[in-house]
Amino acid sequence: MEPAPNKLLLRRLEREKRARIEAERILENKAIELFAANQALEKNAAELRRQNELAEQAARTDDLTHLPNRRGFFRELDSLMQEVVRDPESRLVLGKIDLDHFKKVNDRFGHITADLALTQFSEHFSNCFDGGVLGRVGGDEFAVALIVVKGGVDRQAIAEKMLRATRATCHAAGVTFELTASVGLVEAGPGDFDIDRLRRLADIALYTSKRKGRNRCIWFDEEMRTGMLRQSLLEDNIREAVEADLFEPWFQPIVGCAKHELLSAEVLSRWPEGTMPNASVEEVIRLSERIGSIEQLDAQVQAKAFRKARDWVRAGNVQSISVNVTPRDMLDDQFLSKLAKRLRAADFPPDHLTVEITENALFADMNAAAAGIGNLSALGIKVALDDFGVGYSNLRALSELPIHYVKMDRSLIRDIAQEGRARALAESAVRLGVSLGLCVVAEGVETKDQALLLRRFGCHRLQGYMFGKAVSAAKFNDAFSGPSKASVA
């Protein structure tokens, strides 16, 4: 017997109800799962955002000092620029900071102590100079930016505050030492906002600060730009002159103190007229060292000097010539072999050559200098200690090393004609050299009174304008060749 239609309908409705309930349960479960999945995705997305933010922050932060690094600093600088744009009554100040002689801290105390010093410096600066952004943009280089009120920029006050902030006493690894810095500052308004340009101007001011003696704060001005352009041109001229082998040796006479007879000549570098406009010898030499051309320049000049002076030595017109070498030369393992090669090429006798080194070269690395001097002496080359009396003279080293001459710095000679400390100091320096068994040469002698006093003190040789300026090889040959021209003054 078949079910009644109502029962069939009820059964179908019951099945549909159960199916609907099951479907709703499934949907509810799926909704719960989807919600949980969305929650997890949001959590993961939030964590990913947080990780990205941390990574971005880390990419903008210096690991050591926790200051903004180069990337972070210039991002902060851009934000400050936007603030100045919104406030036309404000100005932006950008500064570049370079720790003075920080390499010596590394060399003397090691990298761990140097890192601690950098950390302490950054903390000291941040505590002393609030209201700005400080960043570490290089090894020992920092940058600072701040906003000041237009018309209220007290440059002197800012410079003084900046210097106080850069002078830090560091305590690390059981040692205490002072740090100072050179600072270059530039001021700009909304119309001047070119980051690359501002960086260059701050760098120019920083370079000027370092060139003027370091441990100072200098504001950029247009004269600096002119000076930097001139220097850049001069550096290019030096490179071109070295490349073309245009530098020539000039010779300045060195005479006996008693009779003023010509004994020797110092070799000095000169260049064709017009190639280095309005440049001093000291500037050309300093820039040659800065751009890394000094070694090639010296090699060219020495090679020419040896060839030109060879016949003078053989004829007995001079006993010897002297050349200057840099501290870098004394630390170069190849220097002696290069020098010997130039001497052989010119057929110049080594025992008629004197090498002049400065006290800085001697005492920068005593062991290396001692080895270098010993090797020079083994070839018969004599050694003179230049600028004697103005640096740190280690008397034990002077007595033990095979040094033959000491050359008194011209600053000791300048005022000896007047009674007083200058004369006493010069006399003491001469007598010290004599007591050590060294030949004493006085540089910068310009008057007869100076020459007479130096002779009375016991000086052996004299050099200066009184006896002749440095001249070309041809003029030196004309002036001093032959026995009749032996007496200079």
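Preceding this section is the structure that the text describes.
Residues numbered from 1 in each chain as written. Predicted model: local features only at pLDDT ≥ 70, side-chain atom pairs only at ≥ 80, totals over all residues. Heavy atoms only, no water.

Draft legend 1. Summary view of the sheet that holds strand β3 (residues 141-149). Read from one edge to the other, the open sheet built from five strands follows the order β2-β3-β1-β6-β7, with strand pairing classed as mixed. Sheet topology places β2 (132-136) and β7 (217-219) at the edges, where each strand pairs with a single neighbour. In this sheet, neighbouring strand axes are inclined to one another by 20° on average, regardless of whether the strands run parallel or antiparallel. Pairing of strand β1 (residues 90-99) with strand β6 (residues 181-188), which is carried by eight bridges, proceeds in the antiparallel orientation. (Pairing = 2+ DSSP bridges. Helix = DSSP H or I, 4+ residues; strand = E, 2+ residues; numbered from the N terminus. Axes fitted to C-alpha atoms, helices over the stretch in contact; angles between N-to-C directions.)

Draft legend 2. Quick peek at a nonpolar patch on the surface. Taken together, Leu9, Leu10 and Leu13 make up a surface patch of nonpolar side chains, about 270 Å² in accessible area. Residue position: Leu10 is located in helix α1 (residues 5-59). Exposure remark for Leu10: the relative accessible area of 56% places this residue in the exposed category. (Patch = residues over 30% accessible without salt bridge, like charges linked within 9 Å, V, L, I, M, F, W, Y side chains within 5 Å. Areas by Shrake-Rupley, 256 points an atom, 1.4 Å probe, with all protein chains shown as cover. Salt bridge = Lys/Arg side-chain N within 4 Å of Asp/Glu carboxyl O. Buried < 20%, exposed > 50% of the residue type's maximum accessible area, 1.4 Å probe, protein only.)

Draft legend 3. Geometry of the nonpolar core. Core analysis: the largest hydrophobic core is formed by 69 residues, its most contacted members being Leu353, Leu454 and Leu462. For this core, the element with the most residues is helix α9 (residues 294-315), which contributes seven residues. Not counting chain neighbours up to four residues away, the residues in contact with Leu454 comprise Cys257, Ile413, Ile416, Val430, Ala442, Val445, Cys459 and Leu462. Within the second largest apolar cluster, 31 residues are counted, among which are Val93, Phe129, Phe177 and Leu179. (Core = buried A, V, L, I, M, F, W, Y, C linked by side-chain atoms within 4.5 Å. Contact = heavy atoms within 4.5 Å.)

Draft legend 4. Representation of empty space enclosed by the protein in the model. Under the definition given, this model contains two cavities of 30 Å³ or more. Put simply, the largest cavity is a space of about 100 Å³. Every residue along the wall of the largest cavity is listed here: Ile254, Ser264, Ser320, Ser322, Thr354, Glu356, Ala384, Tyr405, Lys407, Val441 and Arg461. Broken down by secondary-structure element, the contributors of at least two residues to the lining of the largest cavity are β10 (320-324), β11 (353-358) and β13 (405-408). Residue classes in the lining of the largest cavity are distributed as four nonpolar, four polar and three charged. The computed volume of the second largest cavity comes to approximately 30 Å³. What lines the second largest cavity is Ile294, Glu295, Asp298, Thr326, Arg328 and Asp329. Breaking the lining of the second largest cavity down by element, the ones donating at least two residues are α9 and α10 (327-330). Among the elements that line the lining of the second largest cavity, the one with the most residues is α9, at three residues. Of the residues belonging to the lining of the second largest cavity, the class tally is one nonpolar, one polar and four charged. (1 Å grid on protein atoms, 1.4 Å probe; cavity = no way out; pocket = protein on both sides within 12 Å on 5 of 7 lines; lining within 4 Å. Points joined across faces, edges and corners; volume = space filled by probe spheres on them. Nonpolar A, V, L, I, M, F, W, Y, C, P; charged D, E, K, R; others polar.)

Draft legend 5. A look at the packing of aromatic side chains. All chains considered together, the criterion is met by ten aromatic pairs. Ring geometry for Phe121 and Phe125: centres 6.3 Å apart, planes at 40°, overall tilted. Taken together, the residues span about one helical turn, with Phe121 and Phe125 both in helix α4 (residues 111-128) at a distance of four residues. For the ring pair Phe476 and Phe480, a centre distance of 4.7 Å and an interplane angle of 55° mean the geometry is tilted. Of this pair, Phe476 and Phe480 both sit in helix α18 (residues 473-480), four residues apart, which is roughly one turn of that helix. Grouping residues by exposure puts Phe476 and Phe480 together as buried. Each member of the aromatic cluster is reached from another via a ring pair, and the members are Phe251, Trp312, Phe476 and Phe480. In this structure, Arg199 packs its charged tip against the face of Phe74, placed 4.5 Å from the ring centre. Looking at Lys469, its charged tip hangs above the ring of Tyr465, at a distance of 5.0 Å from the centre. (Phe/Tyr/Trp six-rings, centres within 6.5 Å; stacked < 30°, edge-to-face > 60°. Lys NZ or Arg CZ within 6 Å of the ring centre and 35° of its normal.)

Draft legend 6. The pattern of salt bridges, seen in detail. Tallied over the full model, the rule gives 24 salt bridges. Close ionic contact of Arg91 with Glu187 constitutes a salt bridge, the shortest N to O distance being 3.0 Å. Taken together, the positions of Arg91 in strand β1 and Glu187 in strand β6 put the pair 96 residues apart, joining distant regions of the chain. Since its relative accessible area comes to 19%, Arg91 is described here as buried.

Draft legend 7. Focus on a positive patch on the surface. A cluster of basic side chains, namely Lys7, Arg11, Arg12 and Arg15, defines a positive patch on the protein surface. Inspection of the secondary structure assignment puts Lys7 in helix α1. (Lys, Arg positive; Asp, Glu negative; His and termini not counted. Charge placed at Lys NZ, Arg CZ, Asp CG, Glu CD.)

Draft legend 8. Inspection of the side chain of Ser269 at higher detail. As for its placement among the helices and strands, Ser269 is situated in strand β9 (residues 262-270). Judged by its relative accessible area of 11%, Ser269 is buried. The residues contacting Ser269, other than those within four sequence positions of it, are Glu248, Val281, Leu297, Asp298 and Val301.

Draft legend 9. Unusual backbone geometry, seen in detail. In this structure, Arg214 takes a positive phi of about 70° despite not being glycine. The residue Arg214 is located in the loop between α6 (195-211) and β7 in this model.

Draft legend 10. Spatial organisation of the pairing of strand β8 (residues 248-256). For β8, the tally of buried residues reaches seven of nine residues, placing the bulk of the element in the interior. Summarising the sheet, β8 and β9 pair through eight bridges and their orientation is antiparallel. For Pro253, the partnering residue across the bridge sits in β9 and is Ala265. Between β8 and β9, which pair antiparallel and follow one another directly, the connecting turn spans five residues, one of which, His260, has a positive phi of 60°. Looking at chain direction, β8 and strand β15 (residues 461-462) are connected through two bridges and run antiparallel. Residue Val255 lies in a different strand from β15, and its bridge partner there is Leu462.

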